[in-house]
Every structure is written in structure tokens, then in C-alpha cells.
Amino acid sequence: MTNHVVEHGGRLYNTQNELYNLPADDEEFDRLSLQHQIITMTLGLLYRMSDPVEVVMSPNPEIPPAAIDIGTGSGAWAMDFAAKFPQASVLGIDLAFPNPNWSATCLSRSETLAYRLTVHSQLPKNCSFALWDANNPLTNFRDSFNVCHIRAIDSGIRDYEDLLYRIPEILRPNGILLMATGDLRLYTEEKKPCPYDMEEGEPGWCAFQAILKHVADRARRAGSSPTAKYKWEKWLAANPYLDFVRVEDAFVPVGPWQSADLDDQSRHAAQLNQSNAATILDSFKHLLLSDGIEETKLNRWMLVRTESSAILKRHSYHLEYIDRQTRDSRDETKAFREMETCHRCPKHS
């Protein structure tokens, strides 16, 4: 055990925030790096608002540009952003370090990365990491950043609306807030939500969707914000310190399917997302068992997932979504209700 992680069932978990119950170990960081790769492939870039970001991150000898990645996870986005803007400083904060060597005492050193899945082999010199729970005050970072990036931290945030009101204080005038998050629902090929409230054994029931529903229900009971994404537009429009720009939904396919609507890159992303979906179920296991789900039931659902993956290797024309009976549930999941982008108004001081 270190001062920020503890072991349960062979996996490491953060000790800073009881709401966030996904692991904080190499296996999970590899999955988060894979997820980052999938999202970047889907978007075609690190973020949607490329021109405004380029402007605020342009070199400035008087006040060098800076960015913060809140909930940095594996550090993948922060490192990619740091590589793109070498003249800027980039800070990633989270409940655990992506690599135990990346503490405040060695941020200037070039370290071998746990981040194995994208273009880097070393930590960019202009990128650093720190332990910080975003539920706590951000006053230490007041007026420090031109860009703030937040991705998929909903389950660890007690009051997401309050967080959005606190973000402007860390942004410089005309700074940009980039937000992205996932939806704990699967979607059909027609981009309609898959059935959510079904009993095991009913036609169309899906083990993966059942697990995601349990995760969302558990997060709500624990007091976090799994549905905050649906209120972003309302909250941001009402925020006097942010100029609201837009909310955009992006759908990422799951599994090896041969739809003519998908280009080669999207098919590749779909296959990677199948691996991501399978791995995240393993990451959820401790959370679900601690929430009272019978281990025999959970193991059965995990087995159904494994058997379905074997079928997908033989039948690549559509995704059966975990259960062999769910042939109408094809391979598309709403991967993130993104990119929410906002500017900090100059009037905020």
C-alpha cells in the first residue's frame, strides 16, 4: 500500500475518494489509454474546438500557456496535449498517479511510461502530475490555465453543477473548458437506447447492459453524478462566467461489424472498443460485489460476455452484445456526450 492506493482482490484502488470505485493500477491505466486512443480515433483529434484552442495555447513569452487535465487517469490526454504544445505546461490531476514515479519530486525526469498504446515512449518534459480530488477547492490553481480538460469523472463527483461553477476561477480570461464523458447505456445501430429495465432471460436482455445499469444505480445511491451529462447544457447556459458553445453526441461502434457506413478507421475503433468493453467489466467487478450482487450471478454474466466475444470472432457482421439472444442489439454505444466546450468570459475576475 502507498499513501494513495490500497489493494482489494488483487487490484489497486484510490484512498482519496470513496465515490470513485474503478481501479487505479497498470491494468486500468492501460484500459484508459486504450479508451483515449478510441476516442481520439473517433474524433480525429484530441478535441473538437481546434482553432480556439490553438489561439489560447499560442506561445506567449510574458505568460506561457498552460493546461490542466482534471481526472487524468492514465495521463494519456495530458501527455498527448503536452506533446502537441511543447511551449506550454500541462498538469494532470487525479486520485492516483498514472505511474508511481511521477510524483512531485521527479516531474522533470524522463520516465518510462505505463502509457503503451499511443505514440509516446517517454513523459514529455512539459507534462507533470499531482494528486488532487476535484471535489475539493481549486483555489490553489486560480487564474492558472488557458485550457481545462475533463473526461469521464462523473462517478467521482458529488456535485457536478458546483464543479462547473468552480472551474472558471482556474481559467485565465478567454480560457477554454473541454468536457467529455461516457454514457452508461448501450445504443442500437439506429442510435436508439437499448432496453434498460429487463429481467435476465427476457428476449433482448443483455448482460453488459445489466452490469452498466447496476453501476449507474450504485453511483446514484452513493451520491455521485452519473446523469450529470444530461444537464450540462442547462448548467453551462446558466453559468454567468462561461460563454456556452455547444454539446455534441458522438457514437462509437463496438465489435467487428461490416456495415458499409463505417470506414476502415471506424471498424478498427469498433474492434478496440470491444476490448475496452470487456476489460471495463473486470474493472467493475469489485464495485458490484461490494454493492451486494451475488458472485455466482456476476460470474454468470461475465461468462455470457466471454462466450459472446467468441461468437463475435466468427460472426463479424454485427455485435450480439454479450448475450447470444440479443441479435437485435447491434454494435453501437454512445461513447461520450462530448465535446462540451466553453470559454471563460473576460468579465470574470
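A. Just the overall build of the protein chain, in detail. On a plain count of helices and strands, the protein chain comes out with 8 helices and 12 strands. When burial is assessed residue by residue, the protein chain has 55% of its 349 residues classed as buried. Across the protein chain, every contact between residues at least 6 apart in sequence was considered, and the portion connecting residues at least 24 apart equals 70%. Accessible surface, the protein chain as shown: approximately 15,400 Å² in total, 49% of it carbon and sulfur.

B. Spotlight on the pairing of strand 6 (residues 145-151). For strand 6, a buried count of 7 out of 7 residues is recorded, marking the element as mostly surrounded by other parts of the structure. Where strand 6 meets strand 7 (residues 171-180), 6 bridges bridge the pair, whose relative direction is parallel. Opposite valine 147, over in strand 7, you have isoleucine 176 as the bridge partner. For the crossover from strand 6 across helix 4 (residues 160-166) to strand 7, the handedness is right-handed.

C. Structural detail: the packing of helix 1 (residues 26-43) against helix 7 (residues 264-290). In contact at an axis separation of 9 Å, helix 1 and helix 7 are set at 150° when each is read in the N-to-C sense. Of the possible angle classes, the one that applies to helix 1 and helix 7 is roughly antiparallel. The element helix 1 and its partner helix 7 pack so that their crossing is left-handed. On helix 7, the residues that touch Glu28, Arg31, Leu34, Gln35, Gln37, Ile38, Met41 and Thr42 of helix 1 are Gln265, His268, Ala269, Leu272, Asn273, Ser275, Asn276, Thr279, Ile280 and Ser283. When grouped by side-chain class, the residues that make up the contact of helix 1 with helix 7 number 6 nonpolar, 10 polar and 2 charged.

D. The environment of glutamate 54, seen in detail. Positionally, glutamate 54 belongs in helix 2 (residues 50-56). Distance from glutamate 54 to phenylalanine 85, taken between C-alpha atoms, is 9.0 Å for residues 31 residues apart in sequence. Setting aside residues up to four positions removed in sequence, glutamate 54 forms contacts with Tyr47, Lys84 and Phe85.

E. Structural detail: the pairing of strand 4 (residues 89-94). Most of strand 4 sits out of view: 5 of its 6 residues are buried. Bridge count for strand 3 (residues 66-70) against strand 4 is 5 bridges, and the pairing is parallel. Bridging across to strand 4, isoleucine 68 finds its partner in leucine 91. Both strand 4 and strand 5 (residues 127-131) contribute to a ladder of 5 bridges, which runs parallel. Residue pairing across strands places isoleucine 93 opposite alanine 130, the latter belonging to strand 5.

Scoring rules and cut-offs
Residues numbered from 1 in each chain as written. Predicted model: local features only at pLDDT ≥ 70, side-chain atom pairs only at ≥ 80, totals over all residues. Heavy atoms only, no water. Helix = DSSP H or I, 4+ residues; strand = E, 2+ residues; numbered from the N terminus. Buried < 20%, exposed > 50% of the residue type's maximum accessible area, 1.4 Å probe, protein only. Contact = heavy atoms within 4.5 Å. Areas by Shrake-Rupley, 256 points an atom, 1.4 Å probe, with all protein chains shown as cover. Pairing = 2+ DSSP bridges. Right-handed = clockwise from strand over helix to strand, strands pointing away. Axes fitted to C-alpha atoms, helices over the stretch in contact; angles between N-to-C directions. Parallel < 35°, antiparallel > 145°, perpendicular 65-115°, else oblique. Left-handed = near helix turned anticlockwise from the far one by under 90°. Nonpolar A, V, L, I, M, F, W, Y, C, P; charged D, E, K, R; others polar.

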